[in-house]
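Understanding the architecture of this molecule
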Amino acid sequence: MTQERRTETPAIRLLPEVDAFLKRKHGLIVGDGRPSAASSATMAVMDPATGTAVSNVAAGTADDVDVAVRAARSALEGPWSSLTPSERQRLLHRLADLIERNGEELAQLETINNGKSIHMSRALEVGGAVEFLRYMAGWATRLEGSTLNLSTRAPGAARYHAYTVREPVGVVGAIIPWNFPLGMAIWKIGPALACGCTVVLKPADETPLTALRLGELCLEAGIPPGVVNVVTGTGPEAGAALAAHPGIDKIAFTGSTEVGKRVGLAAVSRMARFSLELGGKSPMIMFPDMDSELTGLAANLGVFFNQGQVCACGSRIYAHASIFDRVVADIAGMARSLKMGSGLDPDSQINPLVSAKQQNRVLGFVERALEDGAEALSGAAAGDGPGYFVKPTLLVNAGDTMEIVREEVFGPVVVAMPFKDMDDVIARANDTRYGLAASVWTRDIATAHAAVARLKAGTVWVNTHNVLDASMPFGGFKESGIGREHGAEVLNNYLETKSVCVALPA
Ligand code: NAP
Ligand code: MG
């Protein structure tokens, strides 16, 4: 039967080291030590597929953040700064090799902790992290300034010789969410280390496990102690303390727009640099000539991928009125056919959300949408049994001003609306405080480029969605963020530019 939760024993065998890791008493990672939190407090780590606690980690607070920031500062001013770029590059490659070698352990830990499919943990969290690190390792030896031709006259016949130097911004505070725990950690650590910075990483309280294992692998790779520190703890305690710490030179944040604004204000109050990768309400625009074979891919990749817990999730579908009925029938049929189950079951296609809180939040959005007059063509309910499941949900009959069309849901929920023509759809697609991403579905190259040019979004895909690459800048327009991750652009987040002007004698 479809949409029933699969109850049989997970088909993959857990590695003994995964079991051992879950049972360990986890301290923080500060320098090369594993201290308990100063308060000795711990937090339970849950398995979202069963709703049971599977491990415990330290609940760090401001005192622990302070010790970690000091460790990062002394590493920055000590051994780390004396390494050559090629030595940093080699260490990043060694870390990538170690992640690859320990890939199955990391993937299993990620699936147990986050709930996502083991396929995704293997391919995206682990495989993507390895690719990303190797790409970033390359930048370590390619950072360069420029020579400048000044027009300012020097006295007499003297001349000026001027150039720029790129220097590491310093100690980085990295605050990351729970939707791609290992991937997000690597998106921060990779460029930070390539640029010569040191890091204090605060993973989301829901998903601390792979960050802790990653911290160990950094030390095993030979990265000097203190270059990567991991403080587990909650946002209001450890996260806020990190954002406000005077010893932090730059904050790199990914998460909700609301918390991102608070973090940005804390940083700017002491002029720390900051970059923010925030939420979205990304439109998927389906023109009448779209390849109908791609509708399933659009929904799978664009909407239900990672249970919709993706910042660029295509949570608003605009389908042309002439194809609307077919599009929603296809997506509803597909949504109803997806097998729901634990991420450890390789046959399951829809896995639990990360937490009971997220499950309730998502179901709350759906309930209010139905009260507001929307109609559900699939899902709109929790999965059966324990675990934080939400059935893949397609909503129609929603007005442009309804909450479900305007707010980020961050779950397997999409709202589909018909449109008239290009002007109509572009105006409605852009009518949002967000601007992270969008996709355009058409076989006509002129239609595609006309829409791309008019969409206010940091990434626009054509005939695909949610495709990211280490080389392709990623980030938001408007309230979806500040700065770009990935590609050469991310380096600007972790470097200062120093201009040097030398007066040469006549
Ligand atoms: P969130 O509250 O923004 O959390 C993101 C990170 O910020 C976590 O590490 C969190 O720590 C930390 N944090 C929370 N409060 C903080 C504070 N006052 N100062 C500093 N750091 C703080 O997101 P969430 O609670 O995980 O999810 C809520 C909603 O945010 C989701 O439903 C979704 O809409 C959105 N979201 C967006 C993204 C994205 O990639 N754009 C990712 C995740 C969530 P703790 O988790 O330990 O409290
Ligand atoms: Mg949290």
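Every value quoted in this text rests on a predicted model; they were computed, and no experiment measured them.

A tally of regular secondary structure across the chain gives 16 helices and 18 strands. What you see for the chain is a C-alpha radius of gyration of 24 Å, in line with the 23 Å of a compact globule of 506 residues. Across its three principal directions, the C-alpha atoms of the chain cover 80 × 60 × 35 Å. Across the chain, the fraction of contacts at a sequence separation of at least 24, relative to all contacts at a separation of at least 6, is 74%. As displayed, the chain has an accessible area near 19,600 Å², and 54% of this comes from carbon and sulfur atoms.

Once that is clear, we can look at the nonpolar core. Ranked by size, the top nonpolar core spans 81 residues in total, and within it Leu95, Ile99, Leu193, Leu201 and Leu214 carry the most contacts. It is helix α6 (residues 118-140) that provides the largest number of residues to this core, a total of 10 residues. Residues lining this core come from more than one domain, with at least three contributed by each of domain 1 (16-278 + 483-497) and domain 2 (283-473). Setting aside residues up to four positions removed in sequence, Leu214 forms contacts with Leu95, Ile99, Leu182, Ala185, Ile186 and Ile189. Counting 29 residues, the second-largest nonpolar core is a separate cluster that includes Val405, Val409, Val440 and Ala451.

A separate point is the pattern of salt bridges. Following the criterion strictly, the structure yields 25 salt bridges and no others. Between Arg428 and Asp400 there is a salt bridge, with its nearest N and O atoms 2.9 Å apart. On the criterion of sequence distance, the pair formed by Arg428 in helix α15 (residues 422-430) and Asp400 in the loop between β13 (393-396) and α14 (403-406) is long-range, its members being 28 residues apart. The class of Arg428 is buried, set by a relative accessible area of 16%. We classify Asp400 as partly exposed; its relative accessible area is 29%. When salt bridges with common partners are traced through the structure, they connect Arg24, Arg34, Glu105, Arg213 and Glu216 into a single cluster.

Before going further, it helps to examine unusual backbone geometry. In the Ramachandran plot, Ala380 falls in the positive-phi region, its phi being about 65° despite a non-glycine side chain. Along the polypeptide, Ala380 turns up in the loop between β12 (375-378) and β13. Positive phi, normally seen in glycine, also occurs at Lys478, with a value near 50°. Within the secondary structure, Lys478 is located in the loop between β16 (459-462) and β17 (481-482). Under the relative-accessibility criterion, Lys478 is labelled partly exposed at 40%.

When we look at burial in helix α9 (residues 235-244), the residues that qualify are Ala238, Gly239, Ala241, Leu242 and Ala243. Buried-residue contacts for α9 involve α2 (62-77), β5 (171-175), β6 (198-202), β8 (250-254) and α10 (257-268). Put simply, Thr234 is the residue that caps the front of α9, since its side-chain oxygen is 3.3 Å from the backbone nitrogen of Glu237.

This next bit is on the site of ligand 1. Taken together, 30 residues lie around ligand 1, and Ile176, Trp178, Lys202, Asp205 and Ser256 are the ones closest in. The contact in question runs from an oxygen atom of ligand 1 to an N or O atom on the side chain of Gln358, over 3.1 Å. The separation between an oxygen atom of ligand 1 and a polar side-chain atom of Glu408 is 2.9 Å. Burial of ligand 1 by the protein chains amounts to 92% of its free accessible area of 860 Å².

In total, this model carries 5 cavities of 30 Å³ or more according to the counting rule given. Listed by contribution, the elements that provide at least two residues to the lining of the largest cavity are α15 and β15 (437-441). Partitioning the lining of the largest cavity into residue classes produces 8 nonpolar, 4 polar and 3 charged.

Moving on to the pairing of strand β9 (residues 273-277). Sheet topology note: the β8/β9 ladder contains 5 bridges and is parallel. Across the sheet, residue Thr254 finds its bridge partner in β9, namely Glu277. Handedness of the β-α-β unit built from β8, α10 and β9 comes out right-handed. Pairing between β9 and β17: 2 bridges, direction antiparallel. Paired with Glu277 across the strands is Gly481, a residue of β17.

Attention shifts here to the packing of helix α4 (residues 85-101) against helix α7 (residues 181-194). Their axes nearest at 9 Å, the elements α4 and α7 cross at an angle of 155°. Of the possible angle classes, the one that applies to α4 and α7 is roughly antiparallel. Within the contact between the two elements, α4 uses Arg88, Leu92 and Ile99 and α7 uses Ile186, Gly190, Leu193 and Ala194. Residue composition of the contact of α4 with α7, by class: 5 nonpolar, 1 polar and 1 charged.

This paragraph deals with the sheet that holds β17. Read across the sheet, 6 strands follow the order β7-β6-β5-β8-β9-β17 without closing on themselves; strand pairing throughout is mixed. Two strands in the sheet have a free side with no partner beyond their single neighbour: β7 (228-230) and β17.

With that settled, consider the layout of surface pockets. One number sums up the size of the largest pocket: a volume of about 1,200 Å³. Lining the largest pocket are 47 residues; nearest its centre among them are Trp178, Glu206, Ser256, Val259 and Lys357. Contributing elements (two or more residues each) for the lining of the largest pocket: β1 (42-47), α9, β8, α10 and α13 (356-371). Tallying contributions element by element places α10 first for the lining of the largest pocket, with 6 residues. For the lining of the largest pocket, the class distribution of residues is 24 nonpolar, 12 polar and 11 charged.

What follows is about the packing of helix α5 (residues 103-114) against helix α8 (residues 209-220). Two numbers describe how α5 lies on α8: the axes approach to 9 Å, and their chain directions differ by 155°. With respect to their mutual orientation, α5 and α8 come out roughly antiparallel. Every residue of α8 that contacts α5 at Glu105, Leu106, Leu109, Glu110 and Asn113 is listed here: Leu209, Thr210, Arg213 and Leu217. Residue classes in the contact of α5 with α8 are distributed as 4 nonpolar, 2 polar and 3 charged.

Criteria and cut-off values
Residues numbered from 1 in each chain as written. Chains lettered and ligands numbered in written order. Predicted model: local features only at pLDDT ≥ 70, side-chain atom pairs only at ≥ 80, totals over all residues. Heavy atoms only, no water. Helix = DSSP H or I, 4+ residues; strand = E, 2+ residues; numbered from the N terminus. Rg over C-alpha atoms; globule rule 2.2 N^0.38 Å. Contact = heavy atoms within 4.5 Å. Areas by Shrake-Rupley, 256 points an atom, 1.4 Å probe, with all protein chains shown as cover. Core = buried A, V, L, I, M, F, W, Y, C linked by side-chain atoms within 4.5 Å. Buried < 20%, exposed > 50% of the residue type's maximum accessible area, 1.4 Å probe, protein only. Domains from an automatic or database assignment. Salt bridge = Lys/Arg side-chain N within 4 Å of Asp/Glu carboxyl O. Polar contact = N/O pair within 3.5 Å; in protein donor to acceptor, adjacent residues only side chain to side chain. Near = heavy atom within 4 Å. 1 Å grid on protein atoms, 1.4 Å probe; cavity = no way out; pocket = protein on both sides within 12 Å on 5 of 7 lines; lining within 4 Å. Points joined across faces, edges and corners; volume = space filled by probe spheres on them. Nonpolar A, V, L, I, M, F, W, Y, C, P; charged D, E, K, R; others polar. Pairing = 2+ DSSP bridges. Right-handed = clockwise from strand over helix to strand, strands pointing away. Axes fitted to C-alpha atoms, helices over the stretch in contact; angles between N-to-C directions. Parallel < 35°, antiparallel > 145°, perpendicular 65-115°, else oblique.

The values reported here are purely geometric and, on their own, carry no functional implication.
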